[in-house]
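# Structural description and commentary
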Amino acid sequence: MGKGHGCARKSGDLTVLSETDTGILALAVELNAAVMTDDFAVQNTAQRLEIPVIPILQRRAKKRTWKYRCTGCGRFWSAPGECQICGAEILRAKSGKKY
Ligand SMILES: [Zn+2]
């Protein structure tokens, strides 16, 4: 019965991480830097080690700008016209907000 594997199983997430991942995390700790990753296991481990995580997917999502907004329900649309939800007019939204 493989008792030799008991050690690896105890570490939980660490078994999921590749050598590259653990290397990145170790470096982040050393340099006090943030880790940029979409890997959930890496994100989890980083959070446990109090390393700031920058999700790549979320950064991409921020690039998606909705230019038009319904004056009725406030939904965002990619084109002007009539809102398909409430029928109100969709006008160009001001993109001055920085998030
Ligand atoms: Zn609407």
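Residues numbered from 1 in each chain as written. Predicted model: local features only at pLDDT ≥ 70, side-chain atom pairs only at ≥ 80, totals over all residues.

## Structural notes on unusual backbone geometry
For Asn32, which is not glycine, the phi torsion reads 60° and is therefore positive. Tracing the chain through its elements places Asn32 in the loop between α2 (19-31) and β1 (35-36). Even without being a glycine, Glu50 presents a positive backbone phi close to 60°. Within the secondary structure layout, Glu50 lies in the loop between α3 (40-48) and β2 (53-54). (Helix = DSSP H or I, 4+ residues; strand = E, 2+ residues; numbered from the N terminus.)

## Some details on the pairing of strand β6 (residues 89-92)
In this sheet, β6 lies alongside strand β3 (residues 68-70) in antiparallel orientation, the contact comprising 3 bridges. Within β6, the position partnered with Tyr68 by the bridge is Arg92. As paired strands, strand β5 (residues 81-82) and β6 are joined by 2 bridges and run antiparallel to one another. Residue pairing for β6: Gly81 is matched across the bridge by Ile90. The turn linking β5 back onto β6 is made up of 6 residues, and Gly87 within it adopts a positive phi angle of 85°. (Pairing = 2+ DSSP bridges.)

## Observations regarding the nonpolar core
One finds Ile24, Leu25, Ala28, Val35, Val42, Ala46 and Ile51 forming the largest nonpolar core, which totals 7 residues. Not counting chain neighbours up to four residues away, the residues in contact with Val35 comprise Ile24, Leu25, Ala28, Val42, Ala46, Ile51 and Val53. (Core = buried A, V, L, I, M, F, W, Y, C linked by C-beta atoms within 7 Å. Buried ≥ 20, exposed ≤ 12 C-beta atoms within 10 Å, placed from the backbone. Contact = placed C-beta atoms within 7 Å.)

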